[in-house]
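Observations on the model geometry
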Amino acid sequence: MRLVLADRLPEGSLAVLPPDLHVVVSPADLRPALGEADGLCCLLTSRVDEALLRAAPKLRVVANVATGVDNVDLAAATRLGVVVTHTPGVLTEATADLAFALILGVARRLIEGDTLVRGGEFRGWRPDLLLGAEVSGATVGIVGLGRIGRAVARRAGAFGMRVLYAAPRAAPPSIERTLGAERVPLARLLAESDFVTLHCPLA
C-alpha cells in the first residue's frame, strides 16, 4: 500500500504506521505522486478538489490533518467512494490559549513593550508608560460558542470577565450558567464588548 503525505509531519507521527506501508512525501505537486496512492494525508493548505481525486484512481482515503474539511471537496469524494477523515477538537485548547494570549497582549501592549526593550529605548519605569487596559472585569464578546468559544469563555471566567456571545443557536442553559455567558445580538455584542474574539465557521 502507498500513502502520500502532502508535507512532512512532526517527528514521530509516522511511528504508528505499519512497516510495510510505502510512504511518499510530496510537498509540491500532489497529482503525480497520487497516481498509485491508496491514501493521502494532507494539510489544511492542500486543495483536494475533484480533479485531484480523479487523478488518483486507487485512492481510498483522504486523512486531513485539520479540525475542518474546508479544503476537501466532500461531494466529489463521496461520489468517488473516497473516505475523508479529519481531527476535530485536537486544537481546541491550543486555539483558546492563543486567543486569550492575544487578548492579554493587546490589553497590556506586550508587543510595544517588547519592541521598546529590544530597540534599546527603555529608560526606566514611568507612571504613563504603555498604560494598557484592564482585562479583569472587562467584557469579552465571543462570536460563536462552539468548542473553542466555550474554552475561551472558561478562561475569561477565571479573569472575572463578563461574557457575551452571539451565535445562530443558543447554547444549552446549563452551558450558559456554567460559563456565565449571555447570548445577545451581534450588534449589541459589538457595542458592549471591550474585546471581541471570533470562533465561527469560515463559511
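Use the structure listed above.
Only a predicted model underlies this, so the values are computations on that prediction, with no experimental measurement involved.

Another aspect to go through is the packing of aromatic side chains. A ring pair, where both rings are aromatic, is described by two values, the distance of the centres and the angle of the planes. Under the definition given, this model contains 1 aromatic pair. Taken together, a centroid distance of 4.9 Å and an interplanar angle of 40° make the contact between Phe 100 and Phe 159 tilted. Of this pair, Phe 100 sits in helix α4 (residues 92–107) while Phe 159 sits in the loop between α6 (147–158) and β7 (162–166), and the two are 59 residues apart along the sequence.

Burial runs high along β7: 4 of the 5 residues are buried. Taken together, the 5 bridges between strand β6 (residues 139–143) and β7 define a ladder with parallel strand orientation. Across the sheet, Ile 142 pairs through a bridge with Tyr 165, a residue of β7. The handedness of the β6 to β7 crossover, carried by α6, is right-handed. As judged from the 3 bridges shared by β7 and strand β8 (residues 181–183), these two strands associate in the parallel manner. Residue pairing across strands places Val 163 opposite Ala 181, the latter belonging to β8.

It is worth spelling out the side chain of Asp 38 at this point. Looking at the secondary structure, you find Asp 38 in the loop between α1 (30–33) and β3 (39–43). Overall, Asp 38 belongs to the buried group, its relative accessible area being 11%. Of note is the side chain of Asp 38, whose polar atom sits 2.8 Å from the backbone nitrogen of Arg 2. Here Asp 38 is in contact with Met 1, Arg 2, Lys 58, Leu 59, Arg 60 and Val 61, once residues within four sequence places are set aside.

Each value, and the rule that gives it
Residues numbered from 1 in each chain as written. Predicted model: local features only at pLDDT ≥ 70, side-chain atom pairs only at ≥ 80, totals over all residues. Heavy atoms only, no water. Phe/Tyr/Trp six-rings, centres within 6.5 Å; stacked < 30°, edge-to-face > 60°. Helix = DSSP H or I, 4+ residues; strand = E, 2+ residues; numbered from the N terminus. Buried < 20%, exposed > 50% of the residue type's maximum accessible area, 1.4 Å probe, protein only. Pairing = 2+ DSSP bridges. Right-handed = clockwise from strand over helix to strand, strands pointing away. Polar contact = N/O pair within 3.5 Å; in protein donor to acceptor, adjacent residues only side chain to side chain. Contact = heavy atoms within 4.5 Å.

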